[in-house]
Amino acid sequence: MMKRILIAAALSAALSGAALAEDMPAYLVAALEVSDLKAYFETYGGPVFPMLAAAGAEVLVGSPSVSVLEGDYGATWTAIVRFPSMEALETWYGSAEYQAIAPARRELSNEAVSVLLAAPAFQMPQQ
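1. Some words on a nonpolar patch on the surface
On the surface, a cluster of nonpolar side chains totalling about 220 Å² of accessible area is made up of Phe41, Phe49 and Val59. Turning to its location among the elements, Val59 is positioned in strand S2 (residues 58-63). Since its relative accessible area comes to 36%, Val59 is described here as partly exposed.

Below, the structure written as structure tokens:
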């Protein structure tokens, strides 16, 4: 009987941990080499900010300049956006509305050196 209770408790903890992970924030990181920032904001930036807000996202960083502490960094636009979850980020990115303006971002940035990535929030590894 005690073994069943321990197994049930472990399963409950694992399931609630999985549910918590689904509710954890996720981050979109953009390091772009943009050829024309004015055109970028007119054709891409204008429409993307309301889309991000509608997805529950918050722009944490958006800057044409950063202080490079180590290494080489050639991006002319850096952005970090927090989404409520990885699912929310992926839903926004895959939406027809966003995909309709994504070509403008690609056309105005150097795809060979620009990067757009999604990452889940950091979770301390179990020890």
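2. Things to note about the pattern of salt bridges
Summed over the entire model, instances satisfying the criterion amount to two salt bridges. When the shortest N-O distance is used, the salt bridge between Lys38 and Glu42 registers 3.6 Å. Of this pair, Lys38 and Glu42 both sit in helix H2 (residues 37-54), four residues apart, roughly one helical turn. The salt bridge partner of Glu58 is Arg82, with a shortest N-O separation of 2.4 Å. Of the two residues, Glu58 is situated in strand S2 and Arg82 in strand S3 (residues 77-83); the sequence distance between them amounts to 24 residues. On the basis of relative accessibility, which here comes to 29%, the residue Arg82 falls in the partly exposed class.

Conventions we followed
- Residues numbered from 1 in each chain as written.
- Predicted model: local features only at pLDDT ≥ 70, side-chain atom pairs only at ≥ 80, totals over all residues.
- Heavy atoms only, no water.
- Patch = residues over 30% accessible without salt bridge, like charges linked within 9 Å, V, L, I, M, F, W, Y side chains within 5 Å.
- Areas by Shrake-Rupley, 256 points an atom, 1.4 Å probe, with all protein chains shown as cover.
- Salt bridge = Lys/Arg side-chain N within 4 Å of Asp/Glu carboxyl O.
- Helix = DSSP H or I, 4+ residues; strand = E, 2+ residues; numbered from the N terminus.
- Buried < 20%, exposed > 50% of the residue type's maximum accessible area, 1.4 Å probe, protein only.

The quantities given are spatial measurements derived from coordinates; they are silent on function.
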